[in-house]
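The chain contents come next:
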Amino acid sequence: MVDWHELRERAIAAAAHAYAPYSGLFVGAAGLADDGRIVVGCNVENASYGLTLCAECGLISDLHRTGGGRLVAVVVVSRDGNLLNPCGRCRQLLYEAGGVGCAVNETTTVAELLPGAFGPDDLQSKSER
């Protein structure tokens, strides 16, 4: 069972630690791993905008740092608690870490956010399939 309230609170707390001097958009993400752990991340901006790390990047890093596994559910919020949709790059990261069934912001799934996703199975040669 996903405790969406707890995930949202953890995401808001993570957003408070974001580094967002350029956009002013402080973002936090919290995810539930398949073993019950809660992992978190915040955005970290960079003067070279393309090097900015989204909150979901930090969340995926925290997932692997704390033992790996699969994401079951994810919440992404601004500092004031408003839900935010993951950007395209982060949708791909969430697909890799949680698969099509990973719930996002309680109302959708990775499959709905990223239909027809490209993933690890697509890297196998046709003879290996």
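Here's a quick rundown of the structure. Here the structure is a predicted model, which is why all the values come from computation and not from measurement.

### Regarding the side chain of Asp62
Residue placement: Asp62 occurs in helix α2 (residues 55–65). Reaching out from Asp62, the side chain makes a polar contact with the backbone nitrogen of Val40 at a distance of 3.1 Å. At 2.6 Å, the side chain of Asp62 forms a polar contact with the side chain of Arg65. Setting aside its immediate chain neighbours within four residues, Asp62 contacts Val39 and Val40.

### Considering the nonpolar core
Ranked by internal contacts, the top residues of the largest apolar core, which has 20 residues, are Leu59, Ile60, Leu63, Leu71, Val74, Leu94 and Val110. Of all the elements in the fold, those that place two or more residues in this core are β1 (27–33), α2, β3 (71–78), α3 (88–98) and α4 (110–113). Discounting chain neighbours no more than four positions away, the residues touching Leu94 are Ile60, Leu71, Val74, Pro86, Gly99 and Val110. The next biggest cluster of nonpolar side chains, apart from the first, holds 9 residues, and it includes Leu7, Ala11, Ala30 and Leu32.

### Here we look at the packing of aromatic side chains
Within this structure, the stated rule accounts for 1 aromatic pair. Note on Tyr22 and Tyr49: the rings are 6.0 Å apart at their centroids and 75° apart in plane angle, and the pair reads as edge-to-face. Taken together, the residues span a long stretch of sequence, with Tyr22 in the loop between α1 (4–15) and β1 and Tyr49 in the loop between β2 (38–42) and α2 at a distance of 27 residues. Under the relative-accessibility criterion, Tyr22 is labelled partly exposed at 41%.

### Here's the deal with the pattern of salt bridges
This model, assessed by the stated rule, comprises 3 salt bridges. The salt bridge involving Glu6 is made with Arg10; its shortest N-O contact spans 3.2 Å. With Glu6 and Arg10 both in helix α1 and 4 residues apart, this pair spans about one turn of that helix. The class for Arg10 is partly exposed, based on a relative accessible area of 36%. Arg65 is paired through a salt bridge with Asp62; the nearest N and O atoms lie 2.6 Å apart. Here the residue Arg65 and the residue Asp62 both occupy positions in helix α2, the gap between them amounting to 3 residues, near one helical turn. We classify Arg65 as exposed; its relative accessible area is 63%.

### Digging into a nonpolar patch on the surface
The grouping of Tyr19, Tyr22, Val44, Tyr49 and Leu53 at the surface amounts to a nonpolar patch, some 530 Å² of accessible area in total. Its place among the elements puts Tyr19 in the loop between α1 and β1. Look at Tyr19 and you get partly exposed, because its relative accessible area is 45%.

Thresholds applied
Residues numbered from 1 in each chain as written. Predicted model: local features only at pLDDT ≥ 70, side-chain atom pairs only at ≥ 80, totals over all residues. Heavy atoms only, no water. Helix = DSSP H or I, 4+ residues; strand = E, 2+ residues; numbered from the N terminus. Polar contact = N/O pair within 3.5 Å; in protein donor to acceptor, adjacent residues only side chain to side chain. Contact = heavy atoms within 4.5 Å. Core = buried A, V, L, I, M, F, W, Y, C linked by side-chain atoms within 4.5 Å. Buried < 20%, exposed > 50% of the residue type's maximum accessible area, 1.4 Å probe, protein only. Phe/Tyr/Trp six-rings, centres within 6.5 Å; stacked < 30°, edge-to-face > 60°. Salt bridge = Lys/Arg side-chain N within 4 Å of Asp/Glu carboxyl O. Patch = residues over 30% accessible without salt bridge, like charges linked within 9 Å, V, L, I, M, F, W, Y side chains within 5 Å. Areas by Shrake-Rupley, 256 points an atom, 1.4 Å probe, with all protein chains shown as cover.

Just geometry here; none of it tells us what the structure is for.
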